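# Commentary on secondary and tertiary structure
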Amino acid sequence: MERNTFSFFHELRVRTSEVDYQGIVFNAHYLTYFEVAVIEYMRHIGYNYRALVSTKGLDFHTVKATVEYLAPIGLEELIEIGVIASKIGNSSLTWTLGIYKKGQPEITAKGEIIWVCARVGAHKSHPLPEDLVQLLKQNANG
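No experiment lies behind these values; they were computed from the predicted model shown.

### Some remarks on the packing of aromatic side chains
Scanning all chains against the criterion turns up eleven aromatic pairs. Judged by centre distance (5.9 Å) and plane angle (75 degrees), the ring pair of Y41 and W95 falls under edge-to-face. One end of the pair, Y41, is in helix α1 (residues 29-44); the other, W95, is in strand β4 (residues 92-101), with 54 residues separating them in the sequence. For W95, a relative accessible area of 0% translates into the label buried. An aromatic cluster is present here, built from F8, Y41, Y49, F60, W95 and W115 joined pairwise through their rings. Above the face of the F9 ring, R3 is positioned so that its terminal group lies 4.6 Å from the ring centre.

### Examining the sheet that holds strand β1 (residues 9-13)
Spatially, β1-β3-β4-β5-β2 is the arrangement adopted by the five strands of the open sheet, whose pairing is antiparallel. Here the strands that pair on one side only, and so sit at the sheet edges, are β1 and β2 (58-69). Strand-to-strand twist of the sheet, defined as the mean angle between neighbouring strand axes without regard to direction, takes the value 25 degrees. Of the strand pairs in this sheet, β1 and strand β3 (residues 78-88) are connected by five bridges, and their pairing is antiparallel. Note on β3: the bridge partner recorded for F9 is G82.

### Section: helix α3 (residues 130-138)
Helical geometry note: an α-helix holds 3.6 residues per turn, so side chains three or four residues apart project in the same direction. Residues L132, V133, L135 and L136 constitute the buried set of α3. Viewed end-on, α3 has its buried residues packed into an arc of 165 degrees, placing them on one side of the element. Turned more than 90 degrees from where α3 packs its buried face, K137 and Q138 sit exposed. Taken together, the buried residues of α3 touch α1, β2, β3 and β4.

### Focus on the side chain of T94
Examined against the element boundaries, T94 turns out to sit in strand β4. Judged by relative accessible area, which is 9%, T94 ranks as buried. Filtering out sequence-adjacent residues up to four positions away, T94 remains in contact with I84, A85, S86, K87, E112, I113 and I114.

### What about the side chain of T108?
As for its placement among the helices and strands, T108 is situated in strand β5 (residues 107-119). Beyond its immediate sequence surroundings of up to four residues, T108 is in contact with E68, Y69, L70, A71, I73, I99, Y100 and K101.

### Observations regarding the nonpolar core
I81, W95, L97 and I99 are the most contacted members of the largest nonpolar core, which has 36 residues in total. Mapped onto this core, the elements with two or more residues apiece are α1, β2, β3, β4, β5 and α3. At seven residues, the largest contribution of residues to this core is made by α1.

Rules behind the numbers
Residues numbered from 1 in each chain as written. Predicted model: local features only at pLDDT ≥ 70, side-chain atom pairs only at ≥ 80, totals over all residues. Heavy atoms only, no water. Phe/Tyr/Trp six-rings, centres within 6.5 Å; stacked < 30°, edge-to-face > 60°. Helix = DSSP H or I, 4+ residues; strand = E, 2+ residues; numbered from the N terminus. Buried < 20%, exposed > 50% of the residue type's maximum accessible area, 1.4 Å probe, protein only. Lys NZ or Arg CZ within 6 Å of the ring centre and 35° of its normal. Pairing = 2+ DSSP bridges. Axes fitted to C-alpha atoms, helices over the stretch in contact; angles between N-to-C directions. Arc of directions from axis to C-beta. Contact = heavy atoms within 4.5 Å. Core = buried A, V, L, I, M, F, W, Y, C linked by side-chain atoms within 4.5 Å.

Following this line, the structure appears as structure tokens:
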């Protein structure tokens, strides 16, 4: 996956609590990095995720999450997580993600997260909010 696949990146520094005994990022933290980057992307495009829950009574369920570990990331390294909404369905969103060491072209990890929109408490799919769909389409390149 080429770095230019993404026009939005969220930067993080690897913290002590995120590395294992070998001094590299423990595998479960990659999903946290992905989730943080997706929420930051939504903030970047001007979407209020909290309002989705509080005013519309909707939220997202993660139904699939994959990570491919391609190269280790160590303590204190600056990483950039690229995010793109690669598929917008009727009730689902597919996020494609890539992690790069700051300023480097080589990908260290890639992943996919699929969210399904649901009414809070119902656990049944619900159409995506139209305002979110429009923002995602308007910002497809960043």
